[in-house]
Amino acid sequence: MHIIEKRPQDRAWNMFLLDLDPHLLDILLQQPSKYEPFDTRSIVYINPAERTCKILRFLMTNQRHAFVLATPFEISLEQALSITVDMEGFQLYSQEENNQMAILKEELMAKYYQILAEEERNLKERASRTKVHLQEEMDDQNQTIPNLDKKINKWGKRIRSQEEMDEDLAKRFQALNSPYMKRKAELLIQSARQHILQQHTVKEDSEQSDMTTEEKVAMKKREERKEKILNHKVAGEMYINGNPRKWKELVLYKFNAVYRNEMTLPQLLDYLKRNNITFNQSEKLVIYPIREFLLYIAKEVGKDLNV
């Protein structure tokens, strides 16, 4: 019964997941887009001999799998069988849960910073190897200088001076700090981040091989519907700067929170701003394209939304 029944703490874990940065969700949930909307549930293990109960919070990932959010919380049997103030159920709740949420977030942040640090080290190593290669080229050129005079006398051709070669080498080093190279470094970091995050995930092929044909078809339809939603144009979307797909992905990600009245439109705007989305009009005007996009999502998923 407690697996089926929704507990207040289950909703608290849902809010915790909704408020996490998408990068941290990538690390925690492996493939979070497949688990949305988040549906935290609970199961209770009772040990009558020791008069204890263990509460396990988990996410349903599909009909046969679940994702455990934290180690089980242990409480006394007396507390577990105590009735809540509203007389609606037992007090199956541990004071440690809030602490566990904070600790879990800190651990995820530490992992994420470790990933970024590793990317930065890799980038510096590549830059160092490039500089070493350029230095080797310069050394090779210096070694050929004694033989150049003979070639000048033999063929009468002009050979670049040492100053010209030094100037050319300086230009190469300067090119490493050009906007093009900086952009190339950013792309390299993004590629490394994606590769490292994939090391924390279950391989797609192995997971799909464990799925039934019906589940694969349902997943494909879901991805097609998601692309259709993200490609839908709404009036006034030019009020929001940048690629429209970025803010639409964030709104789609928070749709269920808005639908369950767990997030208001002003709170959704604040969430967009926290994720570096900027506007070129007042927030009163920006509300309209966001509201229209939410209504379009609701229409596509077959839900009634009042915003």
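Residues numbered from 1 in each chain as written. Predicted model: local features only at pLDDT ≥ 70, side-chain atom pairs only at ≥ 80, totals over all residues. Heavy atoms only, no water.

1. Examining the overall build of the protein chain
Applied cut-off: In DSSP terms, a helix is any run of H or I states spanning at least four residues, a strand is any run of E spanning at least two, and both are numbered starting from the N terminus. Relative accessibility thresholds used throughout: buried, under 20% of the residue-type maximum; exposed, over 50%; partly exposed, between the two (1.4 Å probe, protein chains only). Contacts are assigned to residue pairs with any non-hydrogen atoms lying within 4.5 Å of each other. Computed with a 1.4 Å probe, the accessible areas rest on the Shrake-Rupley method; for each residue, only the protein chains presented here act as cover.
Within the protein chain, the regular secondary structure consists of twelve helices and four strands. Taking all 307 residues of the protein chain together, the buried fraction comes to 32%. Of the contacts formed within the protein chain by residues at least 6 apart in sequence, a portion of 59% connects residues at least 24 apart. Accessible surface, the protein chain: about 19,800 Å² in total, of which carbon and sulfur atoms supply 53%.

2. Examining the packing of helix α9 (residues 244-253) against helix α12 (residues 283-301)
Relative placement of two packed helices is described by the angle separating their axes and the distance separating the axes. Test applied: The axes used here are C-alpha line fits, helices contributing only the stretch in contact, and every angle between their N-to-C directions lies in the interval 0 to 180 degrees. Should an angle lie under 35 degrees it is considered roughly parallel, over 145 roughly antiparallel, and from 65 to 115 roughly perpendicular; all remaining angles are considered oblique. With the far helix as reference, a near helix turned anticlockwise by less than a right angle produces a left-handed crossing, and one turned clockwise produces a right-handed crossing. Basically, the charged four are Asp, Glu, Lys and Arg, the nonpolar ten are Ala, Val, Leu, Ile, Met, Phe, Trp, Tyr, Cys and Pro, and anything else, Gly included, counts as polar.
In contact at an axis separation of 10 Å, α9 and α12 are set at 55° when each is read in the N-to-C sense. Compared by their axis directions, α9 and α12 come out oblique. Crossing of α9 over α12 shows right-handed handedness. Note on element contacts: α12 touches α9 through Pro289, Ile290, Phe293, Leu294 and Ile297, opposite Trp247, Lys248, Val251 and Leu252. Among the residues making up the contact of α9 with α12, the classes are represented as eight nonpolar, no polar and one charged.

3. Regarding a nonpolar patch on the surface
Operational definition: Any residue with relative accessible area above 30% and no salt bridge may belong to a patch, with like charges joined within 9 Å and the nonpolar Val, Leu, Ile, Met, Phe, Trp and Tyr side chains within 5 Å. We define a salt bridge as a contact between a side-chain nitrogen of Lys or Arg and a carboxyl oxygen of Asp or Glu at a distance within 4 Å.
Judged by side-chain polarity, Leu81, Ile83 and Phe90 come together as a nonpolar surface patch covering roughly 250 Å² of accessible area. Tracing the backbone through its elements, the reader meets Leu81 in the loop between α3 (77-80) and α4 (96-155). With a relative accessible area of 48%, Leu81 lands in the partly exposed category.

4. Re the nonpolar core
Formally: Here, nonpolar core refers to any group of buried Ala, Val, Leu, Ile, Met, Phe, Trp, Tyr and Cys residues whose side-chain atoms link them within 4.5 Å.
Core analysis: the largest hydrophobic core is formed by 50 residues, its most contacted members being Leu17, Val251, Leu268, Ile290 and Leu294. Going through the elements one at a time, α1 (8-19), α2 (22-29), α4, α8 (213-230), α9, α10 (255-259), α11 (265-274) and α12 are the ones with two or more residues in this core. The dominant element in this core, judged by the number of residues it contributes, is α12, at eight residues. Every residue in contact with Leu294, bar those within four places of it in the chain, is listed here: Val251, Phe255, Val258, Leu265, Leu268 and Leu305. By size, the runner-up hydrophobic cluster in this structure holds six residues, among which are Cys53, Leu77, Ala80 and Leu92.

5. Focus on the pairing of strand β4 (residues 73-76)
Condition: A pair of strands counts as paired when DSSP detects no fewer than two bridges linking them.
Of the two faces of β4, the one holding Phe73 and Ile75 is buried and the one holding Glu74 and Ser76 is not buried anywhere. Note: strand β2 (residues 52-60) against β4, four bridges, orientation antiparallel. Bridging across to β4, Cys53 finds its partner in Ile75.

6. Quick word on the environment of Asp304
Here Asp304 shows up in the segment after α12. We classify Asp304 as exposed; its relative accessible area is 72%. Placed 45 residues apart in sequence, Asp304 and Tyr259 show a C-alpha to C-alpha distance of 8.3 Å.

7. Digging into the pairing of β2
For β2, the tally of buried residues reaches seven of nine residues, placing the bulk of the element in the interior. Sheet topology places strand β1 (residues 40-47) next to β2; eight bridges connect them, and they run antiparallel. What sits directly across from Ile46, in β2, is Cys53. Hairpin connection of β1 to β2: four residues between the antiparallel strands, including Arg51 at a positive phi of 55°.

8. Topic: the pattern of salt bridges
All chains considered together, the criterion is met by ten salt bridges. Put simply, Arg245 and Glu249 hold a salt bridge, and the shortest N to O gap is 3.3 Å. Taken as a pair, Arg245 and Glu249 lie in helix α9 at a separation of four residues, close to a single helical turn. For Glu249, a relative accessible area of 37% corresponds to the partly exposed category. In this structure, Glu262 and Arg260 form a salt bridge, with 3.3 Å as the shortest nitrogen-oxygen distance.

9. Description of α1
The criterion, for reference: The length a helix should cover is 1.5 Å for every residue beyond the first.
Here α1 spans 17 Å end to end across twelve residues, near enough to the 16 Å set by a 1.5 Å rise per residue. For α1, the full list of buried residues reads Gln9, Asp10, Trp13, Asn14, Phe16, Leu17 and Leu18.

10. Concerning the packing of aromatic side chains
Think of a pair of aromatic rings as described by two things: how far the centres are apart, and how the planes are tilted against each other in angle. The condition that has to hold: Stacked, tilted and edge-to-face pairs are distinguished by plane angle, under 30 degrees for stacked and over 60 for edge-to-face with tilted covering the rest, among Phe, Tyr and Trp rings (Trp via its six-membered ring) whose centres lie within 6.5 Å.
All chains considered together, the criterion is met by five aromatic pairs. The interplanar angle of 70° and the centroid separation of 5.6 Å between the aromatic rings of Trp247 and Phe293 together place this pair among those described as edge-to-face. One end of the pair, Trp247, is in helix α9; the other, Phe293, is in helix α12, and 46 residues separate them in sequence. Residue class for Trp247 comes out buried when judged on its relative accessible area of 0%. Aromatic side chains Phe255 and Tyr259 sit 6.2 Å apart centroid to centroid with 15° between the ring planes, which places their arrangement in the stacked category. Of this pair, Phe255 and Tyr259 both sit in helix α10, four residues apart, roughly one helical turn.

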